[in-house]
Amino acid sequence: MTPEQIKQRTAIIVESMQFLPGGLLPILHRLQDQLGYVPEESVPVVAKALNLSRAEVHGVISFYHHFRRTPPGRRTLFVCRSEACQSVGGRALEQHAKERLGIDWHETTTDGSVTLEPIYCLGNCACAPAVMLDEQVVGRVTSGRLDALIDDLSATD
Amino acid sequence: MTTLSAYISLDTTSRSIGADEVAALLQASAVQHGTSVSLTRTGTRGLFWLEPMIEFDTDAGRVAFGPLDPGDVRAVSTVISPKGELNTEHPAYLGLLDEVPEFAGQLRHTYSRVGVTDPLSLAQYRAHHGYEGLQRALSMNSDDIVEEIANSGLRGRGGAAFPTGIKMRTVAAQNDTQKYIVCNADEGDSGTFADRIIMEGDPFLLIEGMTIAGVACGATQGYIYVRSEYPQAITLLNKALATAYEHQLLGENVMASGKQFDLEVRKAAGAYICGEETSLLESLEGKRGLVRFKPPLPAIEGLFGKPTLINNVVSLVSMPEIVRLGADSYHALGVERSRGTLTVQLAGNVKKGGLFEVPFGTALRDVIEQFGGGTLTGRPVKAVQIGGPLGAFVPPAHFDMPLDYEAFAARGAMIGHGGMVVFDDTADMGEMARFSMEFCAIESCGKCTPCRIGAVRGTEVIDKIRRGEEVDAHRILLRDLCNTMVDGSLCALGGMAPFPVLSVMDHFEEEL
Ligand SMILES: Cc1cc2nc3c(=O)[nH]c(=O)nc-3n(C[C@H](O)[C@H](O)[C@H](O)COP(=O)(O)O)c2cc1C
Ligand code: SF4
Ligand code: FES
């Protein structure tokens, strides 16, 4: 998408939502749901419509872990780092995910297939350790199951 | 051809270990056997070590099979015998669900419908006393509803345990044309999933609870702020909302009472601090989730500067039953100043993890041993972290405490949201202490110095201790830093993150 197209898409979203009370988060969510991230080009469009400064919009985007400023890979793998997952080997699983994908947190594999993100609890703590692939939660994940999950991804790509 | 009525959970955890696959296998095997199965996807009974589980209607009640391995096609397909009957010889046959000890040992009060009904069926919701609470509330005056909640003894289930009736009374007393009801469904604590289980398993209950709160306080608009980590809860809530609107259970003329109540789901964006109520309000206003100074209290100046009742999911869903059955029915359960039921959530390294609704006063040891059955690894329990990432690590020596807010506080612990995370003897408590500080540093809203800087320095000092650098001096420094954070932080993130660290220093001295 060209910067011009991004601006147009943003304008359409903003137009339909700008009168929502406290609408900035819903607008950013809609942008990220449709584009995969919140592009730099969207910021002035959103700021103008909501009568905010660009810095304010940037401030909001950067405050929340959920919003990204760069496009993610085709799939995003979230690995839970919280206590319940740690109690059953979560730390080793984190390490395994990084090694297997050859990337660190917030990075995307060179083939663009997977982005790796830390997450702090999926509410799946009774069947830990847990990961989430896009919006699909997987429980009781061993390193073997994680490998199979990643193999499946490459196979379906 | 006979038709079997079957039930399989659609909750996120059950699906995370194969409930969808088991559902597909069940349907396929029914076709093979020439039987037909009418399958309802329900919420979960909360017995996660038995999931994926299938329940069937019988004349005696619902019988269950579980856990069923989704990879074991034979195991699932033999649940129904070739004659089309239930195979009670099956190794996973559990008999009547009501007689499974961990289920029979509970008191399902607020969670009575979860796992029983189709979460999105308004007809089933109504058939199980749904909307009787709101019906009664609409026939009462506002003060009487508030008194009912106050007399029940309900205290906030989101962590701080503040009396819900007092908050409600404050909001109801404000003379403002615009007021709000906000549901805190951020559920950020590790080891907690009670809010999610309700939102996925009985969403109309939350809608009814918030509408009752709206009627009681004179608020016409509500928001449910749900964490982005719960996509399925958001989807199900939105569907239930649409149905409620279609049936005039929300909108301009709720149940033909002439009263208005509108409700909207708002998705959060992955910041733990936005579970703190004032930070949540900032976020709902479309801002960074920076904690506000109190006063003013949200009950007086909350969302968009208007009086706002902000409550946790479990607090709000307790209201329909309190109004339907009267305050006494709820107050009769529990002990001292902890009334009603607590939804204990057992997680981590535990054999039987799940959600158990029990009256306050139940012994902690019973919860961990009878319901939990010890650790998953079979090794001794070393510690249980209770009340989320800001909660202390409780050693087995303190397991004789009853579930009672004050009894916990007297031992330097807290019940919080009711989440309990079990660790076995291989847990590295120094590492757990370090994580508390690291988590606080990652999630700090940044408004005050003790938390913003203190958590970063705390992580560094713990690293030095763990590397063996001037251990004694650094231990003193760490305690000092913890005390500064406790005394000087604006909110409980910085104010309580030191508690797990201090509990490790006190109870597992040699590890930090
Ligand atoms: C750092 C922090 C995080 C919190 N997270 C949550 C949360 O996820 N859910 C919740 O209901 N309350 C949370 N709380 C408590 C809320 O501030 C508030 O007490 C609660 O929403 C009030 O509702 P209640 O009275 O029904 O418990 C948190 C508090 C703090 C300090
Ligand atoms: S204690 Fe931490 S999270 Fe709370 S207000 Fe201060 S900086 Fe923000
Ligand atoms: S701690 Fe990992 S899912 Fe809750």
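Residues numbered from 1 in each chain as written. Chains lettered and ligands numbered in written order. Predicted model: local features only at pLDDT ≥ 70, side-chain atom pairs only at ≥ 80, totals over all residues. Heavy atoms only, no water.

**Side note on the overall build of chain A**
Phase 1: Along chain A, the regular secondary structure elements total 7 helices and 4 strands.
Phase 2: Taken along its principal axes, the extent of the C-alpha atoms in chain A is 50 × 30 × 20 Å.
Phase 3: Restricting to contacts in chain A with at least 6 residues of sequence separation, those with at least 24 account for 57%.
Phase 4: Surface summary for chain A: the accessible area is close to 7100 Å², and the carbon and sulfur share equals 50%. (Helix = DSSP H or I, 4+ residues; strand = E, 2+ residues; numbered from the N terminus. Contact = heavy atoms within 4.5 Å. Areas by Shrake-Rupley, 256 points an atom, 1.4 Å probe, with all protein chains shown as cover.)

**Section: the overall build of chain B**
Phase 1: When helices and strands are tallied, chain B shows 23 helices and 16 strands.
Phase 2: With respect to the three principal axes, the spread of C-alpha positions in chain B is 75 × 60 × 40 Å.
Phase 3: Residues classed as buried in chain B amount to 62% of the 512 residues present.
Phase 4: For chain B, contacts bridging at least 24 residues in sequence account for 71% of all contacts bridging at least 6.
Phase 5: Counting only carbon and sulfur atoms, one obtains 50% of the accessible surface of chain B, whose full area is about 18000 Å².
Phase 6: Averaging the locations of the 44 positively and 64 negatively charged side chains of chain B gives two centres separated by 3 Å. (Buried < 20%, exposed > 50% of the residue type's maximum accessible area, 1.4 Å probe, protein only. Lys, Arg positive; Asp, Glu negative; His and termini not counted. Charge placed at Lys NZ, Arg CZ, Asp CG, Glu CD.)

**Re the site of ligand 1**
All names here are of chain B.
Phase 1: With respect to spatial proximity, 19 residues lie near ligand 1, and among them Gly158, Asn184, Asn311, Asn312 and Ser315 are the closest.
Phase 2: Within the backbone of Gly188, a nitrogen or oxygen atom sits 3.2 Å from an oxygen atom of ligand 1.
Phase 3: Ser315 has a polar side-chain atom sitting 2.6 Å from an oxygen atom of ligand 1.
Phase 4: Its free accessible area being 610 Å², ligand 1 has 91% of it covered by the protein chains.
Phase 5: Among the secondary structure elements, those contributing two or more residues to the shell around ligand 1 are strand E9 (308-312) and helix H22 (492-496).
Phase 6: Ranked by residues supplied to the shell around ligand 1, first place goes to E9 with 3 residues.
Phase 7: When its residues are assigned to classes, the shell around ligand 1 shows 5 nonpolar, 8 polar and 6 charged. (Near = heavy atom within 4 Å. Polar contact = N/O pair within 3.5 Å; in protein donor to acceptor, adjacent residues only side chain to side chain. Nonpolar A, V, L, I, M, F, W, Y, C, P; charged D, E, K, R; others polar.)

**Some remarks on the sheet that holds strand E6 (residues 180-185) of chain B**
Residues and elements named next belong to chain B.
Phase 1: Taken together, the 4 strands give an open sheet; going across it, the order is E8-E7-E6-E9, and neighbouring strands pair in parallel fashion. Two strands close off the open sheet at either side, each with one partner strand: strand E8 (262-267) and E9. The average undirected angle you get between the axes of adjacent strands in this sheet is 20°. (Pairing = 2+ DSSP bridges. Axes fitted to C-alpha atoms, helices over the stretch in contact; angles between N-to-C directions.)

**Some remarks on the interface of chain B and chain A**
Phase 1: Chain B puts 59 residues into the contact, and the matching count from chain A is 39 residues.
Phase 2: Roughly 3700 Å² is buried in total at the junction of chain B and chain A, and carbon and sulfur atoms are behind 58% of that figure.
Phase 3: Linking chain B to chain A there are 2 salt bridges.
Phase 4: A salt bridge links Arg91(A) to Glu431(B), with the nearest nitrogen and oxygen atoms 2.4 Å apart.
Phase 5: Breaking the side of chain B that touches chain A down by element, the ones donating at least two residues are helix H1 (12-16), strand E7 (221-226), E8, helix H12 (277-284), strand E12 (341-348), strand E16 (419-424) and helix H18 (429-443) of chain B. (Buried area = accessible area lost by both parts, 1.4 Å probe. Salt bridge = Lys/Arg side-chain N within 4 Å of Asp/Glu carboxyl O.)

**A word on the side chain of Ser152(B)**
Residues and elements named next belong to chain B.
Phase 1: Topologically, Ser152 is positioned in helix H7 (residues 142-152).
Phase 2: From its side chain, Ser152 meets the backbone nitrogen of Leu154 in a polar contact 3.1 Å long.
Phase 3: Discounting residues that sit within four places of it in the chain, Ser152 has contacts with Ile322, Ala327, Tyr330, His331 and Arg339.

**What to know about the pattern of salt bridges**
Phase 1: Per the stated rule, a full pass over the model turns up 44 salt bridges over all chains.
Phase 2: Between Arg62(B) and Asp57(B) there is a salt bridge whose closest N-O contact spans 3.6 Å.
Phase 3: The class of Asp57(B) is partly exposed, set by a relative accessible area of 36%.
Phase 4: Across the pair Glu277(B) and Lys294(B) runs a salt bridge, and its minimum N-O distance is 2.9 Å. Highlighted residues: Glu277(B) in helix H12 and Lys294(B) in the loop between H12 and E9, separated in sequence by 17 residues.
Phase 5: One network of salt bridges, in which partners are shared, links Arg81(A), Arg91(A), Glu94(A), Asp428(B), Glu431(B), Arg434(B), Glu438(B), Asp463(B) and Arg466(B).

**Here we look at helix H2 (residues 24-35) of chain A**
Phase 1: Here H2(A) is 12 residues long and its end C-alpha atoms lie 16 Å apart, about the 16 Å a rise of 1.5 Å per residue gives.
Phase 2: The buried fraction of H2(A) is high, at 9 of 12 residues.
Phase 3: Inspection of H2(A) places Leu24(A), Leu25(A), Pro26(A), Ile27(A), Leu28(A), His29(A), Leu31(A), Gln32(A) and Leu35(A) among the buried residues, and these make up the whole buried set.
Phase 4: Of the surrounding secondary structure, the elements contacted by the buried residues of H2(A) are helix H1 (3-17), helix H3 (42-49) and helix H4 (54-63) of chain A together with E8 and H12 of chain B. (Expected span 1.5 Å × (residues − 1).)

**Quick look at the environment of His507(B)**
Phase 1: Take His507(B): it is sitting in helix H23 (residues 498-507).
Phase 2: Ignoring sequence-local partners within four residues, the contact set of His507(B) consists of Phe393(B), Pro395(B) and His398(B).

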